[in-house]
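Spelled out, the chains give:
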Amino acid sequence: MGQESPASNSLPLLRKLKPIFILSLLITLATASTSLVGLLNTSTIYPNVALQSAFATNDIVNLIIGVPFLLGTMWATSRHKLNGLLYWPGALLYVLYNHITYLFAMPQSWAFVVHLLIVAATIYTVVVLFMHIDSQKVKSIIEGALPAKFTGGVLAGLGIVFLLRGASTVGTIYNGHSLVGDPDVATLIADSVLALIWIIGGIALWRHRTVGYAVGPALLFNVNLLFLALIVLMLIQTLTTIWGYALIDFVVIIVMALVCLVPLGLYIHNMAQVRATRQ
C-alpha cells in the first residue's frame, strides 16, 4: 500500500499528525460500532425493508473493507510510508461517502445524529489532513510517477458520468416515471458530493496544479476503494438474496473499476521505479 518517500524517510508534512490520528481513530471506531450495531439490530436500526436491503449488507462491507483500509493507511503513515499518507484522505472520503448515504436515508433518530456527527468529523479531518500535507514537496516527489493528464482525465470523467447519472435519476423522479426510495436518493446525494470532488481534483491534476498532485493519489485510491466495495456488495447481495444484479450492470461496474485501476497501477509501478533509482 505504501512506498517510502523516495527523497527521505520523513514525510512531506507541514505540521504534526497526532491530533489527526486521534480523530481518525475515533472515526474508525464510530464506523465499526455503527456497522456492528446495524448488523446485530437490523430490524430496529433499519425499520423498513428498503433500508434493510440497502444497508445490512453495506455494514458488512464497511467492516471488511472500509475499516481495515482506513486503519491500513494510518498504519502505513505511522511507518513513514508516503503512499500511506497520500491514500489516507481517500480512505476517509470512503467513510464520508457511506455516512452521507446513511445520514440522508435514515429516519430522524439517535442513529441520524450519530451519522451526522461522523460526517462532520470526517469532513473536518479530511480538510485538516490535506492542510497538513506539503503539496509542493509532494509534487516534487511524485510528479514523474503520477500520469497527471490520464489520472486527472479519469477522475474528472468519472465525476461527470456520476453527475449525469444523478441528473438523469432526478429527472426520472420528477417526471413521475419511477418511485425512488430513500436509500436510492441518499446514494445519489453521496455520489454527487464525491463526483464534484473528483472533478475538481481531476481538473487540478490535469492542469498540473500543485494541489492536484497532493489530492490526486487520495482521490484515485478513493475511487478504486469505492468500486472494490461496490463489487463485494453486489456479490454478497447476489449470494444472500433471491434476487441479483443484472449481468450487464455487473459488467459495466467491472469495466469502470478496471479503467480506474489502470492509473493507480501505473502510479504504484512508477513510484517503485523512482524509489529504486534513488536508493
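What this report covers is the structure whose coordinates are included nearby. Because the structure is a prediction, the values reported are computed rather than measured.

Glancing now at the packing of aromatic side chains. Across all of its chains, the model carries 6 aromatic pairs by this definition. Seen from their ring centres, Phe21 and Trp88 are 4.8 Å apart, and the 40° between their planes marks the pair as tilted. Linking Phe21 in helix α1 (residues 18-40) with Trp88 in helix α4 (residues 82-105), this pair joins segments that are 67 residues apart in sequence. When the centroid spacing of 5.9 Å and the interplanar angle of 40° are considered together, the rings of Tyr46 and Phe55 count as tilted. The residues Tyr46 and Phe55 share a single accessibility class, namely buried. Members of the aromatic cluster, each reached through a chain of ring pairs, are Tyr46, Phe55 and Tyr102.

If you look at the biggest cluster of nonpolar residues, it comprises 66 residues, and the most contacted ones within it are Val61, Trp88, Ile142, Trp198 and Tyr267. The element contributing the most residues to this core is helix α9 (residues 210-240), with 15 residues. When sequence neighbours within four positions are dropped, the list of residues in contact with Trp88 reads Leu17, Ile20, Phe21, Ser24, Leu70, Thr73, Met74, Thr77 and Leu129.

Rules behind the numbers
- Residues numbered from 1 in each chain as written.
- Predicted model: local features only at pLDDT ≥ 70, side-chain atom pairs only at ≥ 80, totals over all residues.
- Heavy atoms only, no water.
- Phe/Tyr/Trp six-rings, centres within 6.5 Å; stacked < 30°, edge-to-face > 60°.
- Helix = DSSP H or I, 4+ residues; strand = E, 2+ residues; numbered from the N terminus.
- Buried < 20%, exposed > 50% of the residue type's maximum accessible area, 1.4 Å probe, protein only.
- Core = buried A, V, L, I, M, F, W, Y, C linked by side-chain atoms within 4.5 Å.
- Contact = heavy atoms within 4.5 Å.

By themselves, these figures tell us nothing about what the structure is for.
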